[in-house]
Amino acid sequence: MDELTREFLIESQEGLDRMERCLTDLEERPKDAGLIAEIFRSVHTIKGTTGFLGFKRLEKLAHAGENLLGQLREGTLTANRSIITGLLQLLDGLRSILKTIEAESNEGVGEDAALISRLEQLQLPVKGRAKRLAHARVGATSTPILPARPALAQPPALDPAPPPAEPVQAEPVQTATPAPVEAEGDPTRTRVQGTAAESTLRVDVTLLNRMMNLVGELVLTRNQVLQATSADPRMTLLSRRLDMVTADLRESVMKARMQPVSNIFSKIPRIVRDLSQTLGRRVRLQVEGQDTELDKSLLEAIKDPLTHAVRNSLDHGIEPPDVRMAAGKDPEGTLKLRAAQEGSHVIIEVYDDGAGISVEKIRQKAVERGLITAQRASRQSERELLQLIFVPGFSTAASVTNVSGRGVGMDVVRTNVEKIGGKVEIDSRVGKGTTLRMRIPLTLAIIPALIVRSLNQSFALPQGALSELVHIPPRQAAAAIEWIENAPLYRLRGKLLPLVFLDRLLMPGGDHKMAAERDSFIAVLDADGRRFGLVVDGLADPEEIVVKPLSAVLKTIGFFSGATVLGNAELALILDPGSIALKAGVSLREDDTVRVNEDEGDAGAAAALEYLLVEAAGRQAAVPLADVLRIEQLPLSRIEYIGYRPVLNFEGQLLPVEDSGGVLAAAEGDPQTQTIVVVCRAGDRHVGIAVSHVLDVAAGGDLFEAGTAQRTGGVTLLKNRVTGVVDLGAVAELPAGEQVQPEQSLIGETVA
Amino acid sequence: MSTAAAGLRVKENAPAAALVEMCSVRLGQALFGVPITHILEIVGSARPQPVPLAPVFVGGLVHYRGDVLTTVSLRQLLGMPPKDGPQDILVLESAGGIFGLLVDAVGEVLTASPADHEPNPSILDERHRAFFAGAYKLKDSLLVMLDPEQLDPMRLSAARAA
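Residues numbered from 1 in each chain as written. Chains lettered and ligands numbered in written order. Predicted model: local features only at pLDDT ≥ 70, side-chain atom pairs only at ≥ 80, totals over all residues. Heavy atoms only, no water.

Chemist: Explain the packing of aromatic side chains residue by residue, including any values.
Modeler: The geometry of two aromatic rings is summed up by the distance between their centres and the angle between their planes. Residues and elements named next belong to chain A. A full pass over the atoms with the stated rule returns four aromatic pairs over all chains. Consider the rings of F459 and F560, whose centres lie 6.4 Å apart with planes at 10°: the pair is stacked. Of this pair, F459 sits in strand β9 (residues 457-462) while F560 sits in strand β17 (residues 560-565); the two residues are 101 residues apart in sequence, bridging distant segments of the chain. R73 extends its terminal NZ or CZ atom over the ring of F40, reaching a point 3.8 Å from the ring centre. For the cation-ring pair, R504 lies above F501, with the distance from its terminal atom to the ring centre recorded as 4.4 Å. (Phe/Tyr/Trp six-rings, centres within 6.5 Å; stacked < 30°, edge-to-face > 60°. Helix = DSSP H or I, 4+ residues; strand = E, 2+ residues; numbered from the N terminus. Lys NZ or Arg CZ within 6 Å of the ring centre and 35° of its normal.)

Take a look at the structure:
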């Protein structure tokens with residue numbers, strides 16, 4: 001394909017994407033001249049260029065569309081639903097021809113006559129139609145042998161277009177777009193686009209991929225330099241500078257690959273429009289956070305899951321208008337798409353205010369299909385049961401429609417999202433609605449991972465799958481790991497967790513030391529809905545790793561998703577928790593942490609609020625476990641100061657560190673001392689708490705004040721000791737500047 | 001490498017195109033040759049990272065120009081005992097992509113005349129014969145030519161499965 005044609009294809013596709021967006025908007029604002037002009041321009045450009053390139057079929061079709069659009073532009077015709085439908089069909093027609101050109105370098109053979117004649121029929125404005133009919137009648141009277149035949153033949157062909165004068169009916173689709181680009185009025189819009197075109201550049205994706213690869217190399221080299229020079233104080237400044245520049249460069253290259261989610265969101269109004277017409281629903285679409293950006297390849301990957309989710313919402317979620325009326329709801333349903341960035345992830349939500357999912361139905365269906373035993377189903381929480389809809393072959397739809405309901409769908413959504421390291425969750429209330437939440441990492445090429453040791457080798461474990469780590473000292477190993485026949489199990493807070501020994505898995509039949517002779521660590525993993533513990537010999541630091549693909553021969557092993565180079569220049573294989581679970585036989589059914597009967601009481605207690613028990617300068621305190629994001633061990637030199645407030649540069653974000661326990665102050669003067677910072681969530685903010693030790697996780701008990709019997713705040717009963725709860729909300733905000741108050745101690749005294 | 005150097009023959013009257021250029025590699029006492037047209041690079045004293053559960057012929061992974069390269073161990077392939085310590089790697093290009101060939105040591109580039117070439121002797125081990133492309137009679141030793149296409153890990157794994 002020559003350069004000219006390729007450029008034409010790219011431009012036309014962009015034009016058509018714009019046209020699609022404008023068309024759905026046009027339905028709302030049929031008189032918006034700006035929108036019509038924009039659509040006209042797209043089609044006109046295609047027509048103009050095709051004539052030049054000699055694509056006759058395309059030219060003919062575009063020409064028919066242009067004529068119709070011309071009338072809209074002149075105002076002799078007003079856009080109504082059937083005109084918009086016709087224009088959408090034109091759009092599809094143009095797209096399919098473009099696709100053929102892209103694949104085969106010629107237009108292919110296809111019949112567009114039906115579409116062209118439909119577009120021509122739509123063109124005739126009322127007056128023209130009447131005139132022609134009159135003519136026909138006149139003709140008919142003069143030739144009585146052929147009475148009014150042609151005239152009679154005309155109207156059925158003309159219809160089903162309602163007269164354009166008729167007020168446009170209820171708009172089924174409405175896009176609430178806070179995006180600034182959506183400025184109304186044509187002149188501003190074109191100006192904006194003009195400047196954008198001058199300051200932007202088309203770059204080949206392969207070049208961007210290459211740049212990303214090179215930046216990955218640089219990150220690796222930086223990691224090695226940082227490790228090699230950490231002992232040399234003269235290098236500290238230089239390596240810190242290198243660190244910063246690398247981080248900035250990485251971010252810029254990543255940004256270059258970013259595209260706004262509006263690129264995929266823009267396809268949704270059309271889907272909603274078409275589906276709501278087929279299904280007889282009335283739906284208002286709201287879109288939020290269109291300018292949130294995501295890596296191009298990830299955007300591609302979530303296109304299908306998103307479409308699936310929207311289809312599901314329309315088919316199973318939002319009820320037909322009469323049902324909604326009967327339920328006392330607005331006959332028009334709301335479908336809300338929301339995108340937002342949260343740390344190193346992008347959250348994409350699909351919300352509908354429809355019928356919701358009946359947990360009872362799921363329970364029944366799951367038992368019926370044998371996915372879960374009735375006994376177990378009765379004990380699972382609503383939330384746990386809801387996640388069952390992601391199991392392959394599961395569908396609660398009473399009947400299979402051609403839109404959805406075949407039970408392939410939600411599992412595809414989950415598989416696709418997990419393939420790119422994301423997570424899916426569903427929340428639903430019967431009668432109120434359903435929210436599907438996808439958590440997508442910002443980038444694929446660089447992921448946070450925990451480095452674990454086994455077989456005297458390092459392996460990288462993606463953090464995304466890791467939920468917690470358990471240390472088993474040698475003397476406790478025999479008691480801690482229990483066996484049912486050949487299956488090792490660990491009691492994690494009263495629930496049995498199936499274990500997989502990494503060394504036995506990777507070297508079957510090898511001579512493995514008994515767990516009693518050495519320290520063991522259990523990495524509790526959550527992969528594809530399978531929960532299990534991976535037993536490894538040791539843990540190293542978490543690292544940001546650059547994923548390198550493996551050769552085909554090694555991919556077939558199945559346990560490794562790639563390889564990476566660590567900071568110490570060692571190569572490490574990246575473990576794939578999903579396939580490890582699968583191959584080790586951790587099934588969805590067993591995984592759900594079979595509860596032991598005699599532990600029922602204990603498990604009940606586990607439902608109470610759990611706390612992380614920490615020690616700071618000799619005192620114990622509790623942090624609500626739900627708020628703990630991670631625990632970092634780092635040299636004191638990483639702590640920096642703004643004024644006298646300690647802060648931590650944590651993954652590029654500034655984290656205020658609370659040191660009311662005086663841990664940092666006590667260790668000052670020796671920058672090599674290791675200090676522990678518990679990173680917590682406090683409302684929307686993240687804060688760090690400096691502690692000297694992390695002791696345990698325990699369930700808290702409520703305490704009641706003597707006499708008043710009122711629940712006491714700020715303290716909890718942990719392991720039968722009254723322990724102060726750290727008030728995360730009270731950690732002062734940044735930048736605090738002059739306003740910093742002399743802090744009171746936030747860590748309460750422990751009353752033994 | 002005295003033996004290899006002694007085997008170097010440049011026939012001055014032979015047309016240059018007829019000469020075969022190869023890189024000699026050593027494996028224990030044996031001398032092998034790889035046509036230089038297939039060699040991208042030579043990486044000296046590498047310690048490949050072993051890959052658990054990989055087919056036996058896989059010598060491990062090495063970091064090569066930003067990518068992770070799968071290596072084939074010539075020792076394992078020919079049924080020789082593994083060697084401790086660093087080994088040299090020839091980075092080869094075949095139809096299936098690039099891979100590393102793990103050998104004890106890389107010698108030098110030799111030029112040989114097709115006149116000294118002999119096809120594979122029929123008494124060679126059936127399983128290994130496919131890897132060889134005949135031998136060159138050097139002055140005081142034999143140099144067995146390797147066929148890089150046959151050493152491609154994808155092909156090896158397909159052959160093993162068959």
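Next comes the rest of the write-up.
Chemist: Kindly report on the sheet that holds strand β22 (residues 639-642) of chain A, identifying the contributing residues and their values.
Modeler: Residues and elements named next belong to chain A. Spatial ordering of the open sheet is given by β21-β25-β26-β24-β23-β22, a layout of six strands whose pairing is mixed. Across the chains shown, the open sheet's two edge strands, defined by having one partner strand only, are β21 (628-635) and β22. Neighbour-to-neighbour, the strand axes of this sheet turn through a mean angle of 40°, independent of strand direction. In terms of strand pairing, strand β23 (residues 645-650) meets strand β24 (residues 653-658) through four bridges, oriented antiparallel. Residue pairing across strands places N649 opposite L654, the latter belonging to β24. (Pairing = 2+ DSSP bridges. Axes fitted to C-alpha atoms, helices over the stretch in contact; angles between N-to-C directions.)

Chemist: Can you break down the interface of chain B and chain A residue by residue, with the values?
Modeler: Taken together, the contact between chain B and chain A spans 19 residues of the former and 25 residues of the latter. Roughly 1700 Å² of surface becomes buried between chain B and chain A when both sides are summed, with 73% attributable to carbon and sulfur atoms. Across the chain B-chain A interface, the total number found is zero salt bridges. Linking chain B with chain A are three residue pairs in polar contact (both at pLDDT 80 or more), by the criterion used here. Going through the elements one at a time, β4 (58-64), β5 (67-73) and α5 (153-161) of chain B are the ones with two or more residues in the side of chain B that touches chain A. Element by element, the count of residues in the side of chain B that touches chain A is highest for β4(B), at four residues. For the side of chain B that touches chain A, the residue count by class is 13 nonpolar, five polar and one charged. (Contact = heavy atoms within 4.5 Å. Buried area = accessible area lost by both parts, 1.4 Å probe. Salt bridge = Lys/Arg side-chain N within 4 Å of Asp/Glu carboxyl O. Polar contact = N/O pair within 3.5 Å; in protein donor to acceptor, adjacent residues only side chain to side chain. Nonpolar A, V, L, I, M, F, W, Y, C, P; charged D, E, K, R; others polar.)

Chemist: I'd love a proper account of helix α12 (residues 268-279) of chain A, names of residues and values included.
Modeler: Residues and elements named next belong to chain A. For α12, which comprises 12 residues, the first-to-last C-alpha distance of 16 Å matches the rise-based estimate of 16 Å (1.5 Å per residue) to within 8%. Of all 12 residues in α12, nine are buried, a share of seventy percent or more. Among all positions of α12, only I268, P269, R270, I271, V272, R273, L275, S276 and L279 are buried. Packing partners of the buried residues in α12 comprise α1 (3-28), α4 (81-104), α11 (262-265), β2 (283-288), α13 (296-317) and β4 (333-342). G280, located one to two residues past α12, shows a positive phi value of around 70°. (Expected span 1.5 Å × (residues − 1). Buried < 20%, exposed > 50% of the residue type's maximum accessible area, 1.4 Å probe, protein only.)

Chemist: I'd love a proper account of the nonpolar core, names of residues and values included.
Modeler: The biggest cluster of nonpolar side chains holds 112 residues, and the ones touching the most others in it are A:L436, A:L534, A:F560 and B:L101. Per element, the largest residue contribution to this core is seven residues, and it comes from α13(A). With sequence-adjacent residues up to four places away left out, B:L101 is seen in contact with B:V34, B:V72, B:L74, B:D88, B:I89, B:L90, B:L92, B:L146 and B:L151. In this structure, A:C22, A:F55, A:L87 and A:L98 belong to the second largest nonpolar core, which totals 37 residues. (Core = buried A, V, L, I, M, F, W, Y, C linked by side-chain atoms within 4.5 Å.)

Chemist: Can you break down the pattern of salt bridges residue by residue, with the values?
Modeler: All names here are of chain A. One pass over the full model with this rule turns up 35 salt bridges over all chains. R18 is the partner of E38 in a salt bridge, and the nearest nitrogen-oxygen pair spans 2.8 Å. One end of the pair, E38, is in helix α2 (residues 33-53); the other, R18, is in helix α1, with 20 residues separating them in the sequence. A relative accessible area of 1% places E38 in the buried class. The closest approach of N and O atoms between R234 and D232, which form a salt bridge, is 3.2 Å. A cluster of three or more residues bridged by salt bridges with shared partners is formed by D17, E20, E27, D92, R95, K267, R270, R273 and D274.

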